[in-house]
Amino acid sequence: MDHETHDVDAAHLLRTIDADRERTQASLAPDVRLLYSVWGVAWIIGFTAAFLGSYPWDAPILPLWVALVIAGAALVAAIVISAVHSARRGSGMRGPSNVRGAITGNAFPLAFLVLGALGFRLAVAGTPPDAMLAYWVVGVCLVIGALGIVGAAMWNDRGQLAFSAWVLVVGFVAAWIPGAFVLLAGAAGGLGFLALGILAAARPRLVTGPIVPRHG
Amino acid sequence: MDELDPVIHVQARLRIVSVLDALEPGDSLAFTRLQDLLGTTSGNLATHLRRLEEADYVRIAKTIEGRSPATFVALTETGRLAFAGYKRALAALLA
């Protein structure tokens, strides 16, 4: 093989290697556009329903139980769709990643359990309802945002970093919003997820892929 | 300059190693999933995997999942190092 042929082959082979790596990682990881959209819609429906069930205090637009059923259904639907999608994408893969994924995945419900226990304690102790609403919205954002950022660092995942950072921003802003309007911060957070989904489709390099280049 | 490793320097095997190297170290992939990703026949894939296994570049584990047998393939540390050396050799050819 002469030198020139060698050069052409090398460039082509390196491109093939990169293409196979990218295709493999994309096909095994969840589609962030789907996850952003599903969670965006769930947050908008859930938090808007919760707002309508709490505002105005004395005569809410929706009965509280109806609002909670709608919010709960949106949350369950989002969890089921993301879990099924992620499991399908990751099927056929096993090893240390699965164990780490199970640990981080279970950290969320455990953290929500603790959040719920503290919320119950605060409510029983007579915390005013508007402060309780802020507690729930900010608490949910804190759990999802903080655990998500750690997960993003662990998986070197830019999409998860963008998502989690946005959730923390929503939580920080929500902490300063009075009364039931704090719930609208959650709905606005959902709009942000949809915007991230559009960005992921239009400018994938901005909000998908690794945070720092992988080895090789 | 590193020589191009003849075990890896065959298109079908290069693609197998590229896919397996994209996994986290220690992770393995089901034979059927690997076959889907590469778009190849099972016979062809099995032949090249055997060659890679002989060189200790991949580890093949047969297990039972539910009631059906499943085969999982992973890149060994030797394979990962060999692939890194192969890419270095390619890059050196371009320099």
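Note that the structure is predicted; figures quoted are calculated from it, not measured. For every chain, the first residue of the written sequence is number 1, and numbering continues from 1 along that sequence. Just so you know, chain letters begin at A and ligand numbers begin at 1, following the order they were written in. For a predicted model such as this one, the threshold for reporting local features is a pLDDT of at least 70, and the threshold for listing and counting side-chain atom pairs is 80 or more; totals across whole chains, interfaces and linings nevertheless cover every residue. The side-chain numbers reported here are obtained from all heavy atoms of the structure, hydrogens and water having been left aside.

Caption draft 1: Quick peek at the pattern of salt bridges. Here, a salt bridge means any side-chain nitrogen of Lys or Arg that lies within 4 Å of a carboxyl oxygen of Asp or Glu. Evaluation of the coordinates by the stated rule reveals 8 salt bridges over all chains. Across the pair Asp20(A) and Arg23(A) runs a salt bridge, and its minimum N-O distance is 3.0 Å. Placement of the pair is Asp20(A) and Arg23(A) together in helix 1 (residues 3–28), with a separation of 3 residues, close to one helical turn. Only protein chains enter the accessibility calculation, which uses a 1.4 Å probe; a residue is then buried when its area is under 20% of its type maximum, exposed when over 50%, and partly exposed in between. Of the residues examined, Arg23(A) reaches a relative accessible area of 38% and is grouped as partly exposed. The shortest N-O distance in the salt bridge between Asp21(B) and Arg80(B) comes to 3.2 Å. Placement of the pair is Asp21(B) in helix 1 (residues 11–21) and Arg80(B) in helix 4 (residues 77–94), with a sequence separation of 59 residues. Each member of the pair, Asp21(B) as well as Arg80(B), carries the same accessibility label: buried. Within the structure, one salt-bridge network assembled from shared partners comprises Arg21(A), Asp21(B), Arg80(B) and Lys87(B). Counting from the N terminus, the helices are DSSP H or I runs at least four residues long and the strands are E runs at least two residues long.

Caption draft 2: Molecular detail of the packing of helix 6 (residues 158–174) of chain A against helix 7 (residues 182–202) of chain A. Residues and elements named next belong to chain A. In contact at an axis separation of 9 Å, helix 6 and helix 7 are set at 160° when each is read in the N-to-C sense. Comparing their axes, helix 7 and helix 6 come out roughly antiparallel. Remark: the crossing between helix 6 and helix 7 carries right-handed chirality. Between helix 6 and helix 7, the contacting residues are Ala-162, Phe-163, Trp-166, Val-167, Val-170 and Ala-174 on the first element and Val-182, Ala-185, Gly-186, Ala-188, Gly-189, Gly-192, Phe-193 and Leu-196 on the second. Here the contact of helix 6 with helix 7 is built from residues that sort into 11 nonpolar, 3 polar and no charged. Fitted lines through C-alpha atoms serve as axes, helices being fitted only where they are in contact, and the angles separating the N-to-C directions of these axes extend from 0 to 180 degrees. The labels follow the angle: roughly parallel below 35 degrees, roughly antiparallel above 145, roughly perpendicular from 65 to 115, and oblique for the rest. Two helices that cross are described as forming a left-handed crossing if the nearer one is turned anticlockwise from the farther one by less than a right angle, and a right-handed crossing if clockwise. Contact between two residues is taken to exist if any of their heavy atoms lie within 4.5 Å; hydrogens are not considered. Asp, Glu, Lys and Arg are counted as charged, while Ala, Val, Leu, Ile, Met, Phe, Trp, Tyr, Cys and Pro are counted as nonpolar; the rest, among them Gly, fall into the polar class.

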